[in-house]
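Understanding the architecture of this molecule
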Amino acid sequence: MIQPDIFNKDFSVNYSGKTYRAIRHDVVRKRQATYSDTAHHPDEKIMQIKDVLGEICGWGDLSILELFAGQGNLTKIYAEYGEVIANEYKGEVYDKLTENVKDCALVHCNKVDSYLDFHQLIALKQTFDVIDLDPYGFPNRFFPDVFLLIEKGVMFVTMPKPYVNILNGITATHLISYYGEQNPSEQTIVERIVLWGLCHWRKVELISSIDCKSIWRFAFNVEKVKATDYTGVRNR
Ligand SMILES: C[S@@+](CC[C@H](N)C(=O)[O-])C[C@H]1O[C@@H](n2cnc3c(N)ncnc32)[C@H](O)[C@@H]1O
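Residues numbered from 1 in each chain as written. Predicted model: local features only at pLDDT ≥ 70, side-chain atom pairs only at ≥ 80, totals over all residues.

So, about unusual backbone geometry. Cis geometry marks the peptide bond from Phe143 to Pro144, where omega comes out at 0°. Its identity is not glycine, yet Lys213 carries a phi of approximately 55°, on the positive side. Along the polypeptide, Lys213 turns up in the loop between β6 (202–212) and β7 (215–224). (Helix = DSSP H or I, 4+ residues; strand = E, 2+ residues; numbered from the N terminus.)

Put into structure tokens, the structure is as follows:
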């Protein structure tokens with residue numbers, strides 16, 4: 001049998017008829033489907049959460065919104081810092097989440113589609129101290145309005161690196177529509193998220209960025225500002 005040429009790291013097609021990137025994409029999808037730690041990087045994410053929340057927020061009384069909780073790797077950690085709303089859409093993953101956090105009194109699990117639910121939370125005028133956005137794909141569709149859910153606190157965002165993804169026409173168009181280019185750099189992405197904060201008068205500052213192979217995991221400090229103070233312009 002002809003083996004796929006996985007060392008052929010350019011875009012050319014190998015003996016299996018797939019590019020190196022396409023093969024790697026299949027491997028990542030399989031790891032996600034089996035909920036492998038190599039797809040989720042829980043240790044790196046947990047270390048970052050502890051670093052950031054330990055320093056900035058203190059313990060115990062935070063309100064936390066986790067929009068993509070999965071089986072609860074991070075939910076259990078967040079539960080040490082306060083009350084957690086943990087959203088997970090997929091049935092069997094949700095069942096594992098509820099089992100894994102059954103001893104955490106301050107965790108409320110919701111089996112909802114977060115892309116819709118966050119609009120509902122905005123309509124209810126809810127706000128949180130911490131928001132965690134950890135989807136498998138790009139989180140762009142949450143911006144800028146997710147900032148309405150936070151007035152002062154921290155937002156953790158998982159961002160796939162565009163240049164390690166397979167840029168088909170749909171992904172390319174999606175990235176162009178959000179970032180103005182199909183292959184935005186880390187800096188461009190961070191600058192755009194900071195600007196999206198200002199759409200709702202949130203001053204947004206990157207306080208931590210970790211590199212986890214095919215994704216970045218960002219932590220942003222978010223603070224609501226008065227438009228007049230921020231711009232130095234007086235309303236007449
Ligand atoms: C990257 S994983 C989350 C990993 C988790 N934060 C952790 O560190 O263990 C993304 C999760 O989002 C769930 N998901 C996918 N679409 C969703 C949606 N529309 N609403 C809520 N959850 C969704 C997936 O089933 C998956 O468990």
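Each α-helix turn comprises 3.6 residues. Residues three or four places apart therefore point the same way. Where helix α6 (residues 114–123) is concerned, the buried positions are Ser114, Phe118 and Leu121. Seen end-on, α6 carries its buried residues on one side only, within an arc spanning 55°. Along α6, exposed side chains directed more than 90 degrees from the buried face belong to Leu116, Gln120 and Ala123. Buried residues in α6 make contact with β2 (82–87). (Buried ≥ 20, exposed ≤ 12 C-beta atoms within 10 Å, placed from the backbone. Arc of directions from axis to C-beta. Contact = placed C-beta atoms within 7 Å.)

So, on to the sheet that holds strand β3 (residues 107–110). Pairing in this open sheet of seven strands is mixed, and the strands run β3-β2-β1-β4-β5-β7-β6 from one edge to the other. Strand pairing shows two members of the sheet lacking a second neighbour, β3 and β6, which therefore form its edges. Along the sheet, successive strands turn relative to each other by an average axial angle of 15°, direction set aside. Pairing of strand β1 (residues 62–66) with strand β4 (residues 130–133), which is carried by three bridges, proceeds in the parallel orientation. Residue pairing for β4: Leu65 is matched across the bridge by Ile131. Relative to the sheet, helix α8 (residues 186–199) contacts β5 (152–160), β6 and β7, its axis offset from that of β6 by approximately 150°. (Pairing = 2+ DSSP bridges. Axes fitted to C-alpha atoms, helices over the stretch in contact; angles between N-to-C directions.)

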